[in-house]
Number of protein chains: 2
Amino acid sequence: MASWTSGVRAVLLDVSGVLYDSGGPTGGTAIPGSIEAISRIRQVGLKLRFCTNESQATRAQFVRKLQKFGFNISEDEVTAPGPAARRLMLEQGLRPHLLVHDDLLPEFDSIDKSDPNCVVIGDAAENFSYQNVNRAFQVLLGLEKPVLISLGKGRYYKETDGLMLDVGAYMKALEYACDITAEVVGKPAKNFFLSALAELGVQPHEAVMVGDDVVNDIGGAQSCGIRGVLVRTGKYRPSDESHPEVKADGYVDNLAQAVDILLASRTTDQ
Amino acid sequence: MASWTSGVRAVLLDVSGVLYDSGGPTGGTAIPGSIEAISRIRQVGLKLRFCTNESQATRAQFVRKLQKFGFNISEDEVTAPGPAARRLMLEQGLRPHLLVHDDLLPEFDSIDKSDPNCVVIGDAAENFSYQNVNRAFQVLLGLEKPVLISLGKGRYYKETDGLMLDVGAYMKALEYACDITAEVVGKPAKNFFLSALAELGVQPHEAVMVGDDVVNDIGGAQSCGIRGVLVRTGKYRPSDESHPEVKADGYVDNLAQAVDILLASRTTDQ
């Protein structure tokens, strides 16, 4: 039996590339077996939390989309970088200049955005025009101490029609242009995983993270002592299994197979 | 007398930020005293070459613009990354996917661009849309061995209405997304400076480079044994004078002052 299953009480799931692939006219497609996999995790009483770096929509909109695909998921089960950044603004008195997707803007409705003292960058997709990226650059360079908050640092993600540049690429562009280092809110930041565990009331060694991003999902989880299992769906590429720095605790074809293995181990253990 | 003047037989000049500031309805404004400074360099018989990372236009268009501002300059006096990249394509059998400014496209008219085996990135300005940058990313990730050629690696440059992101920021974005290192054609690449010296028939110790970019102009020149003088025009910022890695051989308020100092030293020397 694979060792990544022993003593697991909680499952953390990445969403894009594990539950569904985004893109296309319907906003995406569920990955076969994943809707049932969620139900099976719930049926055996395992704790469950969705850990996403999704920043193209508010958490509420994102959950509604997944529900429409047929997923049994509610907003309070989701850990996402938008709400985490919102909290950071309030805690630290930050007033953001936002370089984010239009659909994420409502997450910051109640935040003071006058006279900005930081830049928040998310997966802005088409909003990453030269003009918008340049404006964020100019705001940063106009600050005495430039502060850049990045909603994740992913290199790319998979849409139904191909791989797409993620926020991390634009974070690097601004880091280089301004000679600064961004603060990442979202995976692979330790705080992000630890806040998900706190919501569930479990310890790192009792949880397993399932994701398609070897660095941000698997490496990030492992840096907190959480086991990480890589799925061969979403942005997965075969070279991820020989990554120079990150070795997953398990490799599975998809979420359905991860749940098969996890549930089989529980039958054996009990 | 400043030591950066001794034994100088040739002057290499950066253009944007030294001769003129780009931008605005007329395409830019000459920096006061720079038109006369060029004439004075010529009058005393110093060799002269313009070393620019300009990649928003063909060399021919760029020179015509400068002539319109009143500069005495001809196309064969300019070392620019577009023609250097063009030569590289021919020498190495490279077929580029181009992510460049529309006005640079004619530089690659005679180059085979079918079935691309590399990406060439220049200062594409408004052409740096999400769609275009993403397309370049997809081409790179589709290559067995991704090759990215960057026309310079500047962080930003100055237009009349503010600082603007330069090609280096987008080079970093693609490097990060694809986990590769770009090959830089243009400053600060040694080959670029050495080819300018070869055109003039002088040795590195006989030349001085005048520029507004402490890393690409001054650091690049010094790495070849050419002295570097930083002007306080263009993108210059006071913090450049305490740069952690690069110390210029001289600092001057503008090109006119550099020429004053250089010519005064010749009078004294003779």
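In the block above lies the structure referred to throughout.
Residues numbered from 1 in each chain as written. Chains lettered and ligands numbered in written order. Predicted model: local features only at pLDDT ≥ 70, side-chain atom pairs only at ≥ 80, totals over all residues. Heavy atoms only, no water.

Enquirer: Just to check I follow, could you spell out the pattern of salt bridges for this structure?
Expert: Opposite charge on two side chains allows them to pair when their charged atoms are near. Residues and elements named next belong to chain A. A complete count under the given rule lists 24 salt bridges over all chains for this structure. The partner of Glu175 in a salt bridge is Lys172, with the nearest N and O atoms 3.6 Å apart. Of this pair, Glu175 and Lys172 are both found in helix α5 (residues 167–178), three residues apart, which corresponds to roughly one turn of the helix. Given the relative accessible area of 12%, Glu175 is considered buried. Here Lys235 and Asp213 are joined by a salt bridge, their closest N and O atoms 2.8 Å apart. Taken together, the residues span a long stretch of sequence, with Lys235 in the loop between β13 (227–231) and β14 (250–252) and Asp213 in the loop between β12 (207–211) and α7 (214–222) at a distance of 22 residues. The buried category is assigned to Lys235, whose relative accessible area is 10%. Three or more residues joined by partner-sharing salt bridges are found here, namely Asp14, Lys187 and Asp217. (Salt bridge = Lys/Arg side-chain N within 4 Å of Asp/Glu carboxyl O. Helix = DSSP H or I, 4+ residues; strand = E, 2+ residues; numbered from the N terminus. Buried < 20%, exposed > 50% of the residue type's maximum accessible area, 1.4 Å probe, protein only.)

Enquirer: Teacher, can you tell me more about the interface of chain A and chain B here?
Expert: Frequently, the measure chosen for interface size is the accessible area that the parts lose on association. Opposite the 30 residues of chain A that make contact, chain B presents 30 residues. With both chains or domains summed, chain A and chain B bury close to 2700 Å², and 63% of this area falls on carbon and sulfur atoms. The three residues of chain A that bury the most area against chain B are Tyr130, Leu165 and Tyr176 of chain A, which together make up 32% of that side's buried surface. The tally of links between chain A and chain B comes to zero salt bridges. The interface formed by chain A and chain B holds 16 residue pairs in polar contact (both at pLDDT 80 or more) in total. (Contact = heavy atoms within 4.5 Å. Buried area = accessible area lost by both parts, 1.4 Å probe. Polar contact = N/O pair within 3.5 Å; in protein donor to acceptor, adjacent residues only side chain to side chain.)

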